[in-house]
Amino acid sequence: MTSVAQSQSPVRRRSWGETAGRWAKIASRELSTVAITIFGLLLITFFIARVIPIDPVLAVVGDNARPETYEAARIELGLDKPLWQQFAVYVGKVFTGDLGRSVLTSNTVVDDIKRVFPATLELATLGTLIGCVLGIPLGVLAAVYQGRWPDQVARVIGLFGYSIPVFWLGLMGLLLFYAKLGWVGGPGRAGVAFQDLITPITGILVIDAAIEGDWEAFRDAWSHLILPSAVLGILSVAYISRMTRSFMITELQQQYVIAARVKGLSEFRVVWRHAMHNAFVPLVTVIAVSYMHLLEGSVLTETIFAWPGLGRYLTHSLLNADMNAVLGGTLVIGAVFIAVNLLSDILGRLVDPRTR
Amino acid sequence: MTTWTDYLLTDSPESRRQAKLGQIYRKWLAFPRNPLAMVGLGIIVALLLVAAFAPLIATADPLAQNLDRRLLPPSGANFFGTDSLGRDIFSRIVYGTRVTLVIVLLVVVTVGPIGLLIGAASGYLGGWVDRLLMRMTDVFLAFPRLVLALAFVAALGPGLENAVIAIAITAWPPYARVARAETLIIRQQDYIAAIRLQGASQWRIVWKHVVPMCLPSLIVRTTLDMAGIILIAAGLGFLGLGAQPPIPEWGAMISAGREQIFDQWWVATFPGLAICVVALGFNLLGDGLRDVMDAR
Amino acid sequence: MSVIEQPLLELDNLHVDFHTPTGIVQAVRGLSFTLGRERLGIVGESGSGKSMTGRAILDLIPHPGEVRADAMRYRGQDLLTMDKRARRKLRGRHISMVMQDPKFSLNPVRTVGDQIAEAYRVHHKASAREAKQRSLAMLEQVQIREPARVYELYPHEVSGGMGQRVMIAMMLIAEPDILIADEPTSALDVTVQLQILKILDDLVTQRGMGLIFISHDLHLVQSFCDRVIVMYGGKAMETLPAAELADESARARRHPYTLGLLGCLPDLDHPRETLATLNRDPAWLA
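No experiment lies behind these values; they were computed from the predicted model shown.

(A) Quick look at the interface of chain A and chain C. Contact with chain A, which involves 31 residues of that partner, is made by 42 residues of chain C. Inspection of the region where chain A meets chain C yields two salt bridges. Among the ionic pairs, K263(A) bridges to E118(C), the shortest N-O distance being 2.9 Å. Linking chain A with chain C are twelve residue pairs in polar contact (both at pLDDT 80 or more), by the criterion used here. Where the side of chain A that touches chain C is concerned, the elements lending two or more residues are α1 (4-8), α11 (255-262) and α12 (267-305) of chain A. Here the side of chain A that touches chain C is composed, by residue class, of eleven nonpolar, ten polar and ten charged.

As structure tokens, then:
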């Protein structure tokens, strides 16, 4: 691999200018990907909006409207224009932050989403944290004891995680830990006594309660938060542990691991400081993907736990054919997906000195 | 009849296909050594048998209501108890295997060929076709699957067929990815070049030579995906967007038992267990198959 | 080699077996040697068990491998009865190893200096500062001109030759008595190979260490080592002073395999039309 040219200039270090240029190139490539993906996203939601069998005009004018009124409303809604113009108008509206009004809450969809989103964020974040704290050690253990019983146990746990319907797991959790054992709070974000007691600052209840120093409210919020997060966490344990295992198996076969052992390092240090440090590079993406899965999983979990987040808002609107809200919610979740993806790409590059 | 085993186990295969099939057959012979995969296979076989002989296994008509026998706990007469309309939950779960199988099969039958064709075409033709198709795949992959399926069902209206369509629309991209990756490897092979020199058309090469080679990895992918499809279908059913009552769909059954979860736990518990067992069966089998197919 | 002094390493009838589903694979079968403060070469083709010998000495045979021997002693201490932890304490501090390719043997996400200092701190109670001072001094000893700058580099930012010097620094910083060099120059440019060998030679002589030099390159071993073990199929075919390899008059006493290996090498002074291929006699392994 070493060429003569290389050995003549033994040290190759990128200058600051080179680094900046490289990053600019990466950024432009990433941004164009994001732009295309967002465009696709809008195309899909627009398409869904157009194929709904519900006549949007009738929703405005009512069933018994005269033909002239109907026609006037049709023109006012812009439905007489060609499809591409309608799409252009739709894109323009989305970019100015206009997702329409929810029929159900009669608020703008944007306001609604701003209200409910922090609750979902709280759930998915804690769920991912639980997933990492349990899943990474489990995966590392499975890789270190590859083919032996800890590996089999981890494999079965992982496959179980992939096989349990999250809404059912939530129900069982409520049955066991709330109804039978009374260890956690019931459905909802806070007990009756603490409803609307805390002024929202971040919108994330446990943090707001901590900021206010209201520890009773904090404990209450925590007892309501822990079960749904744990249910989501179990889902990501499966994914994170399996991916950790596969990355670690690759790393543990590398020469530098042997070199680290030759130096006399303890096995713990070899595994966690050397191999894990390398496995963490691709793991960043996995954690991001699992975070996105959990945002998705929250749709069903929130229904079970009466959690006032984006997922419940979405399903609620869905069952009431509130299409503006449904498409708005879908679009926001899609956009968060793209953002998390982008973030993980950048983070992955920063963790790895070779791509920094 | 040892001719086909001879064909498969020969030391000097005459075609690449024979070599690959032989390789798979040898791995199949090693398959029983993986106990977890065998458990998975057992579950799937049991599922098929239960679905086939549902009328013989069920102890009651899954749709027969009996309001005098509402919400009875599990007993000798009703193994899994009865639901809020007095229907026997065990019999409903037994018949539910058919619903589950229908959903899974319909999705696979639509998704498999679409994914395979898009992936194979994308990988084989390359160039702008590849870029366009893969960009499309990326956009779909960028979407959360369940949310997208929800939005589609919301637009199409609830029901079993629409649920299947929605799941299919959201499920094809990974298949296309796998098929494309395989195709990229296959198209480099010399025998493809030889076929091209013989004047075979591009479609013939894709259809007759590339597609069959992609099949093994797609089968693994499909088995692993089955559990995901079952879970999404159950999720849609749970939200009331999948199979409509009184069809005994497991997700909808859990939803029906939600109200009574604290008092009559069995109504929601048993359908959920059924989903778990079947999904686990597919996962165990798929996992074993992947071990067998991958060299690693 | 002084006779009075206790040998650094004694191996008697070493076996390394791998228990695989398809049977037992014997990587090393009955190798014996002693090592003093000398340069011992082990030559052989790939698969001859020379690398596994090195790994076995370091207790780094991967699962499912098994090491057996009648005796295995480091300065009189019995390695066979020693527990895993004690074996680990020997690694790096007393017995160390330089590996083939610095590209893969250095951890890509940690700086070069960090990895050298780490090797020092496992075995010596030292502050981070002291360890860094030591590492910089060690980098200077392997003739790196700007140690302070190289210290901060990541492995992908250094060339192969410099990477191997870093590797040597890392493996010698804890001042071991025995160094196993497993094909230390095979991955390097020919132009750099000699520099690296020179550095290695100087350090080994200066510190009076024992060196086990594992290589497939007969010429290299011949010019670099004091004694040579020729290995084939996990067994030692013969052990001889390196000087005798070149000695034409001693040819008659050589093992046929050694002659075979020598015959495979092109010789500029006596060019031949076709090079001989190796004859391998199954009887050698009996």
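(B) Geometry of the packing of helix α7 (residues 149-163) of chain A against helix α10 (residues 215-252) of chain A. All names here are of chain A. Contact pair α7 / α10: the axes reach a minimum separation of 7 Å and the direction vectors enclose 135 degrees. Considering their axes alone, α7 and α10 lie oblique with respect to each other. The chirality of how α7 crosses α10 is left-handed. Residues D151, G158, L159, G161 and Y162 of α7 lie in contact with α10, whose contacting residues are L235, A238, Y239, R242 and R245. When its residues are assigned to classes, the contact of α7 with α10 shows five nonpolar, two polar and three charged.

(C) A look at the interface of chain A and chain B. Chain A puts 49 residues into the contact, and the matching count from chain B is 44 residues. The contact between chain A and chain B buries some 4,100 Å² in all, and 77% of this surface belongs to carbon and sulfur atoms. The interface formed by chain A and chain B contains two salt bridges. Of the charged contacts, one joins R242(A) and D287(B) as a salt bridge, the two residues approaching to 2.7 Å between their closest N and O atoms.

(D) Layout of the pattern of salt bridges. Summed over all chains, the structure comprises 33 salt bridges over all chains. Between R110(C) and D114(C) there is a salt bridge, with its nearest N and O atoms 2.9 Å apart. Connected through salt bridges with shared partners, the residues K263(A), R269(A), R110(C), D114(C) and E118(C) form a single ionic network.

(E) Spatial organisation of the arrangement of the chains. Taking contact number as the criterion, the leading pair out of two pairs of chains in contact is chains A and B. The closest approach of any C-alpha atom in chain B to one in chain C is 12 Å; the two make no contact.

(F) Molecular detail of the domain arrangement of chain A. Residues and elements named next belong to chain A. By domain assignment, chain A separates into domain 1 (23-98) and domain 2 (107-355). A separation of 33 Å is found between the C-alpha centroids of domain 1 and domain 2. Taken together, the 17 residues of domain 1 in the interface contact 15 residues of domain 2. Counting the surface lost from both domain 1 and domain 2, the interface buries some 1,300 Å², and carbon and sulfur atoms represent 81% of this. The largest share of the area that domain 1 buries against domain 2 comes from W23, E30 and L41, three residues that together contribute 37% of it. Taken together, domain 1 and domain 2 are joined by zero salt bridges. Where domain 1 touches domain 2, the interface holds zero residue pairs in polar contact (both at pLDDT 80 or more). Those elements giving two or more residues to the side of domain 1 that touches domain 2 turn out to be α2 (16-51) and α5 (83-95). Per-element tally for the side of domain 1 that touches domain 2: the top contributor is α2, with twelve residues.

About the criteria used
Residues numbered from 1 in each chain as written. Chains lettered and ligands numbered in written order. Predicted model: local features only at pLDDT ≥ 70, side-chain atom pairs only at ≥ 80, totals over all residues. Heavy atoms only, no water. Contact = heavy atoms within 4.5 Å. Salt bridge = Lys/Arg side-chain N within 4 Å of Asp/Glu carboxyl O. Polar contact = N/O pair within 3.5 Å; in protein donor to acceptor, adjacent residues only side chain to side chain. Helix = DSSP H or I, 4+ residues; strand = E, 2+ residues; numbered from the N terminus. Nonpolar A, V, L, I, M, F, W, Y, C, P; charged D, E, K, R; others polar. Axes fitted to C-alpha atoms, helices over the stretch in contact; angles between N-to-C directions. Parallel < 35°, antiparallel > 145°, perpendicular 65-115°, else oblique. Left-handed = near helix turned anticlockwise from the far one by under 90°. Buried area = accessible area lost by both parts, 1.4 Å probe. Domains from an automatic or database assignment.

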